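# Fold and contact review
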Amino acid sequence: MAVNVPGVIVMVVFYLLVLGTGIWASFKSKRKQKKSGATGMEMALLGNRSINWVVGIFTMTATWIGGGFIVGSVEMMCTPSMGLTRTIVLLLSYSSSFLFGLIFIKPMRDRNYVTMLDPFHFKYGKVITAGMSLISLGTDVTWVATTLMGLGGTMSVVLDLPFSLCIWISAAVVITYTLLGGLYSVAYTDVIQLVLILGGLSICVPFVLTSPHTLDISQTLMNNTLNAPWIGQPELKRTWIMIDDFLFFGLGSLAYQAFHQRVLSAASTNSAKLGCIAAAFLVLVFAIPPVLLGAAAASTDWNQTTYGSPSPYERGEVALTLPIALQHLTPSFISIIGIGCVAAAVMSSADSGLLSSASVFTSNIYKNILRPQASDRECQWVVRVSVLVMGVIGTSPTMLNNSIMKIWFLSAEVAYITVFPELICVLFFDISNGYGAIMGVLVPLMLKLLRGDPSLGLEPVLHFPGCTLEDGVYVQYAPVKTISMLSSIAAILLFSYLASVLFNKGVLPEKWDVFKVKAQHSPVPLSPVGGAIEEEEKETLDAGRAKH
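As a starting point, this report considers the structure included with it. Just so we're clear, the structure is a prediction, and the values are computed from it rather than from any experiment. (Residues numbered from 1 in each chain as written. Predicted model: local features only at pLDDT ≥ 70, side-chain atom pairs only at ≥ 80, totals over all residues. Heavy atoms only, no water.)

This next bit is on the overall build of the protein chain. Counting its regular elements, the protein chain contains 20 helices and two strands. Dimensions of the protein chain, computed from C-alpha atoms along their principal axes, come out at roughly 75 × 60 × 35 Å. A buried classification covers 59% of the 548 residues belonging to the protein chain. Taking contacts inside the protein chain between residues at least 6 apart in sequence as the whole, the part at least 24 apart equals 81%. (Helix = DSSP H or I, 4+ residues; strand = E, 2+ residues; numbered from the N terminus. Buried < 20%, exposed > 50% of the residue type's maximum accessible area, 1.4 Å probe, protein only. Contact = heavy atoms within 4.5 Å.)

This is the structure we're talking about:
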C-alpha cells in the first residue's frame, strides 16, 4: 500500500494551523506579560492567573479528551468483556472527576499555590516533596506516551506511514508551541482542537453507521450476530469491579497536575468552578461519537470489507479498531478527517502533560529544592528545557507495542492509590506529617503487589473475598484499587498520629525527629512563583488579597 499523499497534505495543513495558533498565543502571552508586569515563570505556568472562563472551559475539557480517550473508548466498545457497560462507567467517572474536583478549588486558590505539590513542600519538607514529584512526573510521562500511541496507530494505518514517524512529528509540533508560549499556547490551541474533534468525528459517524457492511447497531446491542453483543458483560458479580473503576478513574484524575493547573490559572474562583461544571457535561458530549463508532465497528461484517475476516478483536488488533474502521468503512477523504480529529485530541492532552510535568520539575524540584536562589529568567529556561526533555522521554515509550488501555489503566491506578490520598490528607487533615506520608505510599504499593496484577504477570498472594480462578487467571472481584487507596489514607493518618504522639510525649528523642513533627505547622500559602523565603510569600499573598 502506497503512502496516502492527500492525507499527508491535509495533516500538514492541520499541523500548521495548530502550530500557528500556538505561536500566535505565545506572542499574546508576551504582550500580556509586559502589560501586567507578571514574571516569566508565572506567565508560562499559570498564564498570570488570568485565563477567562470561555477559554478555561475549553482547556479544562481538552485536558481529558486525548488520544487514549477517543481510541481507547472505541477499543473498549469492541472488547466483548467490556463493551458499552464498562465504557459508560469510564465516561461517567471522567465526567464526575470535574465535580469531585470542586472541593480542591478553594484551598488551592486561597493559598496561591503554583502546583498541587506545593502543600507537600511547606508541610512535609523537601524529601517528601521530591518523592511525590517523581511519582507525578512518572504519571505525566506515561500519560503523554499513551496519548501519542493513539495517534501513531491511527496515522500509520490510514496514511501508511511508519508508526514512529507519525508519533515523533506530532510530538515535535506539540513540544514547539508548548515551549514557546507555555499555558497560553496550550489553552488557545485547545479551543481549535476541541472544535476540530467534535466537528470531525461527527462527520465520520454517519458514514460508518450507514456502511453497507455494518448492521443496525440497535439489533446487535444484545444479540450475538456477527460478533459478540456490544453491550458487554453486565454481570452482577462484576458490580464491585465497575464501582472500583468508576472511583479510580474519577478520583485518580484529580491526582494529575494538569487539572490543578487549570484551576489555578483561572481568572477567578468562580471561573474555575464554572470550568469544572461545564467540562463535566462536555466530556459526555464528546464521548458520543467514539461510542457510536465503536458500536458500528462491533456490528460490522468484516469478511465483506477489504480488511477481511476475522475481526480486529480476534486478530489481536482491537487497539487499532478506530483507524481500521475509518480506513475500511468510509471514503478516503472521510478517514483523513478522522485522523485529524485523533491528532487534535492527542495534542490537546499531550501538551497538558508536558506543561504539567515541566511545572512540577521547575517549581517543586528545581526552584524549591535544587536552586532556591534561581532567577526568574533562569526558571523560564528550565521550563523550556523541561518541556523538551519530558517530550522526548514521553515519546520514547511509544515504541513499545502494548495496548493503549493497559498503559492508561496502570498510570491512572498509580495516581489513584498514592498521589490522590496524599493530596487529600495534606490539604484537609492537619495531623498528617512526613512519617505518615511515607507509609501512605508504601502501604498501597505493597497491597498492589500482594493482590496481583494479570497485566504485569503477578499472581495474587492476598486473595480478597470473591477472588476466583478463571481460565487459569485469578480475578479479584473485590474493589481492590479503592481498598488500596483507602488503606493509604488510613496509613497516613495512623502513622502520622503515632509519630506525633511518640515525639510530642517524649517517648522518642527529638533528635530522631527528621520531619520536625513537634515544630510542624499547617500548609503555608505560596507566592505566585514559588519564592524561597516564607516572609516574602506571606507579603505577596496579602498584597494579592488586598487587590480583590
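As a further point, take the side chain of Lys 481. One can find Lys 481 in helix 19 (residues 480-504). For Lys 481, a relative accessible area of 12% gives the class buried. Those residues in contact with Lys 481 that lie beyond four places of it in its chain are Asp 244, Asp 245, Phe 248, Glu 413, Tyr 416, Ile 417 and Arg 451.

Under the 1.5 Å per step criterion, the end-to-end length of helix 1 (residues 5-36) is 46 Å for 32 residues, consistent within 8% with the ideal 46 Å. Looking at helix 1, one finds that the buried residues are Gly 7, Met 11, Phe 14, Tyr 15, Val 18, Thr 21, Gly 22, Ala 25, Ser 26, Lys 28 and Ser 29. Just past helix 1, the residue Gly 37 takes up positive phi, approximately 75°. (Expected span 1.5 Å × (residues − 1).)

This part is about the nonpolar core. Counting residues in hydrophobic clusters, the biggest one holds 136 residues, and the most contacted among them are Tyr 15, Phe 98 and Ile 197. Among residues more than four places away in sequence, those in contact with Tyr 15 are Leu 151, Met 155, Ile 169, Ser 170, Val 173, Ala 343 and Met 347. If you look at the next biggest cluster of nonpolar residues, it comprises 11 residues, including Ala 25, Val 186, Ala 187 and Leu 355. (Core = buried A, V, L, I, M, F, W, Y, C linked by side-chain atoms within 4.5 Å.)

How two helices sit against one another is set out by the angle between their axes and by the gap between those axes. Put simply, helix 14 (residues 321-329) and helix 15 (residues 332-370) touch, their axes get as near as 8 Å, and they point 155° apart. Comparing the axis directions of helix 14 and helix 15 gives the class roughly antiparallel. Between helix 14, through Leu 322, Leu 326 and Gln 327, and helix 15, the contact on the second element is made entirely by Ser 335, Gly 338, Ile 339 and Val 342. In the contact of helix 14 with helix 15, the residues fall into four nonpolar, three polar and no charged. (Axes fitted to C-alpha atoms, helices over the stretch in contact; angles between N-to-C directions. Parallel < 35°, antiparallel > 145°, perpendicular 65-115°, else oblique. Nonpolar A, V, L, I, M, F, W, Y, C, P; charged D, E, K, R; others polar.)

With that settled, the discussion passes to helix 3 (residues 53-64). The end-to-end C-alpha distance of helix 3, which contains 12 residues, comes to 18 Å, matching closely the 16 Å that a straight helix rising 1.5 Å per residue would cover. The buried fraction of helix 3 amounts to nine of the 12 residues, a majority that puts the element mostly inside the structure. Within helix 3, the full set of buried residues consists of Val 55, Gly 56, Ile 57, Thr 59, Met 60, Thr 61, Ala 62, Thr 63 and Trp 64. N-cap assignment for helix 3: the residue whose side-chain oxygen lies 3.1 Å from the backbone N of Val 54 is Asn 52. (Polar contact = N/O pair within 3.5 Å; in protein donor to acceptor, adjacent residues only side chain to side chain.)

Time to look at empty space enclosed by the protein. Scanning the entire structure with this criterion turns up two cavities of 30 Å³ or more. Forming the walls of the second largest cavity are Ile 51, Trp 53, Gly 56, Thr 59, Met 60, Arg 262, Ser 265, Ala 266, Ser 271, Ala 272, Gly 275 and Cys 276. Of all the secondary-structure elements, those providing two or more residues to the lining of the second largest cavity are helix 3, helix 12 (257-265) and helix 13 (269-298). (1 Å grid on protein atoms, 1.4 Å probe; cavity = no way out; pocket = protein on both sides within 12 Å on 5 of 7 lines; lining within 4 Å. Points joined across faces, edges and corners; volume = space filled by probe spheres on them.)

Here the focus is the pattern of salt bridges. Across all of its chains, the model carries 11 salt bridges by this definition. Salt-bridge contacts for Glu 413 lead to Arg 451; the nearest nitrogen and oxygen are separated by 2.2 Å. Taken together, the residues span a long stretch of sequence, with Glu 413 in helix 17 (residues 404-428) and Arg 451 in helix 18 (residues 434-451) at a distance of 38 residues. Like Glu 413, the residue Arg 451 is buried in the burial classification. In this structure, Asp 453 engages Lys 448 in a salt bridge whose closest nitrogen and oxygen atoms are separated by 2.8 Å. With respect to class, Asp 453 is no different from Lys 448; both count as buried. A cluster of three or more residues bridged by salt bridges with shared partners is formed by Arg 86, Asp 244, Asp 245 and Lys 481. (Salt bridge = Lys/Arg side-chain N within 4 Å of Asp/Glu carboxyl O.)

Moving on to the packing of aromatic side chains. Going through the model one piece at a time under the given rule, you end up with 21 aromatic pairs. A centroid spacing of 6.4 Å and a plane angle of 80° characterise the contact between Phe 207 and Phe 333, whose relative ring orientation is edge-to-face. Of this pair, Phe 207 sits in helix 9 (residues 163-209) while Phe 333 sits in helix 15, and the two are 126 residues apart along the sequence. Since its relative accessible area comes to 33%, Phe 207 is described here as partly exposed. Its relative accessible area of 51% is what places Phe 333 among the exposed residues. Aromatic side chains Phe 248 and Tyr 416 sit 5.9 Å apart centroid to centroid with 45° between the ring planes, which places their arrangement in the tilted category. A residue pair is termed long-range when its members are at least 10 positions apart, and Phe 248 in helix 11 (residues 239-252) and Tyr 416 in helix 17 qualify at 168 residues. On the basis of relative accessible area, Phe 248 is assigned to the buried category, the value being 2%. (Phe/Tyr/Trp six-rings, centres within 6.5 Å; stacked < 30°, edge-to-face > 60°.)

We now examine the environment of Arg 315. Tracing the chain through its elements places Arg 315 in the loop between helix 13 and helix 14. With a relative accessible area of 35%, Arg 315 lands in the partly exposed category. Discounting residues that sit within four places of it in the chain, Arg 315 has contacts with Tyr 307, Gly 308, Ser 309 and Pro 310.

This part takes up unusual backbone geometry. Peptide bonds are, in most cases, trans, and in most cases residues other than glycine have a negative phi. Ser 309 connects to Pro 310 through a cis peptide bond whose omega is -5°. Residue placement: Pro 310 occurs in the loop between helix 13 and helix 14.

Moving on: a nonpolar patch on the surface. A cluster of nonpolar side chains, contributed by Ile 103, Phe 428, Phe 429, Ile 431, Leu 494, Phe 495, Tyr 497, Leu 498, Leu 502 and Val 507, occupies part of the molecular surface with about 860 Å² of accessible area. Broken down by element, the nonpolar patch gets its largest block of residues, five residues, from helix 19. Within the secondary structure layout, Phe 429 lies in the loop between helix 17 and helix 18. (Patch = residues over 30% accessible without salt bridge, like charges linked within 9 Å, V, L, I, M, F, W, Y side chains within 5 Å. Areas by Shrake-Rupley, 256 points an atom, 1.4 Å probe, with all protein chains shown as cover.)

The analysis is restricted to geometry; functional conclusions fall outside its scope.
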